[in-house]
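Chain by chain, the residues run as shown.
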Amino acid sequence: MTRVLVVEDEPPLVRALEINLKARGFDVDTAPDGAQALRSAAASAPDVVLLDLGLPAMDGIDVIKELRRRNRASILVVSARRTSDEKITALDAGADDYLTKPFSMDELLARLRAAARRTDTAKPSDDAPVIVTETFTLDLAAKKARRDGRDVRLTPTEWHLLEVLVRNSGRLVGRHQLLEEVWGTSQRTQTNYLRVYMAQLRRKLETDPAHPKHFFTAPGMGYRFDP
Ligand code: CA
């Protein structure tokens, strides 16, 4: 069963989310602020954290960073703020997806299911290969990335994107295919996600992100990984 931690400080919204998610078979924990969210995440290891960015006390972005350091959960951010800057900041900090308030329950459920799938594929599996390039090493089974002798921390979404590219090594993978595999069918047109995440992968894994040797963009078409 998928366990969701709802981090939200408006009691009526918390109740509505709790009722709807439980009715659809999710296990639900709730936390009204960042500190309690981190305690709850440590105690119950949720698959997905549904995080409102507008929280009292601890800033939502700091909560994302802390969660990311300690937890493998997918983070789905919910916010009333609409600037694309904030969206990018949240994704940069390690969030996996972003939903703007007000949202429909159907849309939320679709995003939650996609987020839960990502957490699943981020779990270690035995038959995944080890990829060695001159710049970095990826152990897909152990979910370990190393560059210049140091561990590189990748988020579940980054691993998922990486896995799709690695599985298709040397071949161009279309933008829509990538979006569908990593974010789900409802997100097929969000090509800005790909720009953000490919930039993160390059920043973390390439020696010179501006002149990538492994992660190539075919403008308007897709991306290719060359070992
Ligand atoms: Ca709030």
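Summarised in this report is the structure supplied together with it. (Residues numbered from 1 in each chain as written. Predicted model: local features only at pLDDT ≥ 70, side-chain atom pairs only at ≥ 80, totals over all residues. Heavy atoms only, no water.)

1. Considerations on the overall build of the protein chain
A count of helices and strands for the protein chain gives 8 helices and 12 strands. Relative to its length of 227 residues, the protein chain is compact, with a C-alpha radius of gyration of 17 Å against a globular reference of 17 Å. Here the C-alpha coordinates of the protein chain stretch approximately 50 × 35 × 30 Å along the principal axes. Counting only residues that meet the buried cut, the protein chain has 49% of its 227 residues in that class. Counting only contacts in the protein chain whose residues sit at least 6 apart along the sequence, the fraction spanning at least 24 positions is 59%. Entry remark: accessible area of the protein chain is about 10700 Å², with carbon and sulfur atoms responsible for 50%. The distance from the centre of the 35 positive side-chain charges to the centre of the 33 negative ones in the protein chain is 2 Å. (Helix = DSSP H or I, 4+ residues; strand = E, 2+ residues; numbered from the N terminus. Rg over C-alpha atoms; globule rule 2.2 N^0.38 Å. Buried < 20%, exposed > 50% of the residue type's maximum accessible area, 1.4 Å probe, protein only. Contact = heavy atoms within 4.5 Å. Areas by Shrake-Rupley, 256 points an atom, 1.4 Å probe, with all protein chains shown as cover. Lys, Arg positive; Asp, Glu negative; His and termini not counted. Charge placed at Lys NZ, Arg CZ, Asp CG, Glu CD.)

2. A closer look at the coordination of the calcium ion
For the calcium ion, every protein donor is listed as Asp9 (OD), Asp52 (OD) and Gly54 (O), and the spread of their distances is 2.2 to 2.4 Å. Counting along the primary sequence, the residues that act as donors to the calcium ion give the motif D-x42-D-x1-G. Here the residue aspartate 9 occupies a position in the loop between strand 1 (3-7) and helix 1 (11-23), and aspartate 52 occupies one in strand 3 (residues 48-52), the gap between them amounting to 43 residues. (Donors = N, O, S within 2.8 Å, 3.2 Å for Na, K, Ca; no water.)

3. Side note on the packing of helix 4 (residues 84-93) against helix 8 (residues 191-205)
Running from amino to carboxyl end, helix 4 crosses helix 8 at an angle of 40°, the nearest separation of the two axes being 11 Å. As judged from the angle between their axes, helix 4 and helix 8 are oblique. The two elements helix 4 and helix 8 cross, and the hand of that crossing is right-handed. Contacts between helix 4 and helix 8 pair Lys87, Ile88, Leu91 and Asp92 from the former with Tyr193, Val196, Tyr197, Gln200 and Arg203 from the latter. (Axes fitted to C-alpha atoms, helices over the stretch in contact; angles between N-to-C directions. Parallel < 35°, antiparallel > 145°, perpendicular 65-115°, else oblique. Left-handed = near helix turned anticlockwise from the far one by under 90°.)

4. A few points about helix 4
Looking at helix 4, one finds that the buried residues are Glu86, Ala90, Leu91 and Ala93. Taken end-on, helix 4 shows its buried residues confined to a sector of 165°, consistent with a single buried face. Across from the buried face of helix 4, at angles greater than 90 degrees, the exposed residues are Ser84 and Asp85. Where helix 4 is buried, its residues meet helix 3 (60-70), strand 4 (74-79), strand 5 (97-100) and helix 8. (Arc of directions from axis to C-beta.)

5. Description of the nonpolar core
Residues Leu138, Leu161, Leu162, Leu165, Leu205 and Phe215 are the most contacted members of the largest nonpolar core, which totals 29 residues. Elements supplying a minimum of two residues to this core: strand 7 (136-139), helix 6 (156-167), helix 7 (175-183), helix 8 and strand 12 (222-225). The greatest single-element share of this core, amounting to 7 residues, is contributed by helix 8. Those residues in contact with leucine 161 that lie beyond four places of it in its chain are Leu178, Val182, Leu194, Tyr197, Met198 and Leu201. Grouped together as the second largest cluster of nonpolar side chains are 21 residues, Leu38, Ala41, Ala90 and Ala93 included. (Core = buried A, V, L, I, M, F, W, Y, C linked by side-chain atoms within 4.5 Å.)

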